[in-house]
Amino acid sequence: MNFWEKIYLPAILKGMAITFSHIFKKKPTINYPEEKRPFSPVFRGLQVLNRDEEGRERCTACGLCALACPAEAITMESAERKPGEENLYREEKYAARYEINMLRCIFCGLCEEACPKDAIYLSETFTPADYSRKKLIYTKEDLLIPNPKTDAADFEKAKGEGAPTT
Ligand code: SF4
Ligand code: SF4
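Just so we're clear, the structure is a prediction, and the values are computed from it rather than from any experiment.

Cut-offs used in this document
- Residues numbered from 1 in each chain as written.
- Chains lettered and ligands numbered in written order.
- Predicted model: local features only at pLDDT ≥ 70, side-chain atom pairs only at ≥ 80, totals over all residues.
- Heavy atoms only, no water.
- Helix = DSSP H or I, 4+ residues; strand = E, 2+ residues; numbered from the N terminus.
- Rg over C-alpha atoms; globule rule 2.2 N^0.38 Å.
- Buried < 20%, exposed > 50% of the residue type's maximum accessible area, 1.4 Å probe, protein only.
- Contact = heavy atoms within 4.5 Å.
- Phe/Tyr/Trp six-rings, centres within 6.5 Å; stacked < 30°, edge-to-face > 60°.
- Patch = residues over 30% accessible without salt bridge, like charges linked within 9 Å, V, L, I, M, F, W, Y side chains within 5 Å.
- Areas by Shrake-Rupley, 256 points an atom, 1.4 Å probe, with all protein chains shown as cover.
- Salt bridge = Lys/Arg side-chain N within 4 Å of Asp/Glu carboxyl O.
- Near = heavy atom within 4 Å.
- Nonpolar A, V, L, I, M, F, W, Y, C, P; charged D, E, K, R; others polar.

Draft legend 1. Spatial organisation of the overall build of the protein. Within the protein one finds 6 helices and 5 strands. Ordered by position from N to C terminus, the α and β elements of the protein give α-α-β-α-β-β-α-β-β-α-α. For the protein, whose C-alpha radius of gyration is 25 Å, the value lies well above the compact-globule estimate of 15 Å for 166 residues. Buried residues in the protein amount to 31% of all 166 residues. In the protein, of all internal contacts separated by at least 6 residues, the share reaching a separation of at least 24 is 71%.

Printed below as a string of structure tokens:
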């Protein structure tokens, strides 16, 4: 080590110069959640269970989404539609229980691809984080879009741009 290396002063000044050179540069950091980065047009976010234009649940509990899911994240139980429930369920069979385990989901979109009824799609809503594993198992109530007949404003808000056209 020579004299200048032994007193560390040039190295300290060099380090400070690098630090100061970054002070006036534009910050690449995004202060999430106050600031949000614009998503890619092909971004796949939280799943939405869709309704038809009359507000009926589209899902017929065929199980194709669960079969296509590589993460085995989807669980459902089917039930038969009863007379008088035609305004609730579009098909004769519906999902009495429908759950997606968000701890497993990799947002691949294969459930949406597999669905023959346009009953599920991945919206551009970012899935919120949580401290509880239980809260990250989303139930049908969490996933089902608001009824466009009775709750038009919330339906439009939840639908987003990724919704399939009916
Ligand atoms: S997005 Fe992919 S991983 Fe997530 S539930 Fe659908 S098929 Fe499964
Ligand atoms: S969401 Fe679609 S693929 Fe999945 S069970 Fe319902 S109708 Fe079938």
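Further notes follow.
Draft legend 2. Expanded view of the packing of aromatic side chains. A complete count under the given rule lists 6 aromatic pairs for this structure. Measuring from ring centre to ring centre gives 5.8 Å for Phe39 and Phe126, while their planes differ by 15°; the resulting arrangement is stacked. In this pair, Phe39 is assigned in the loop between α2 (9–23) and β1 (47–49) and Phe126 in the loop between β4 (120–122) and β5 (137–138), connecting sequence segments 87 residues apart. Looking at Phe39, the relative accessible area reads 41%, which means it is partly exposed. Using a relative accessible area of 45% as the deciding quantity, one classes Phe126 as partly exposed. Ring-pair connections join several aromatic residues into one group, and the members of that group are Tyr32, Phe39, Phe43 and Phe126.

Draft legend 3. A look at a nonpolar patch on the surface. A surface patch of nonpolar side chains, about 870 Å² in accessible area, is lined by Met1, Tyr8, Ile12, Met16, Phe20, Ile23 and Phe24. Note that Tyr8 resides in the loop between α1 (3–7) and α2.

Draft legend 4. Spatial organisation of the site of ligand 2. Neighbouring ligand 2 are 13 residues, the closest being Cys59, Cys62, Gly63, Cys65 and Cys115. Along the lines of polarity and charge, the residues of the shell around ligand 2 split into 10 nonpolar, 2 polar and 1 charged.

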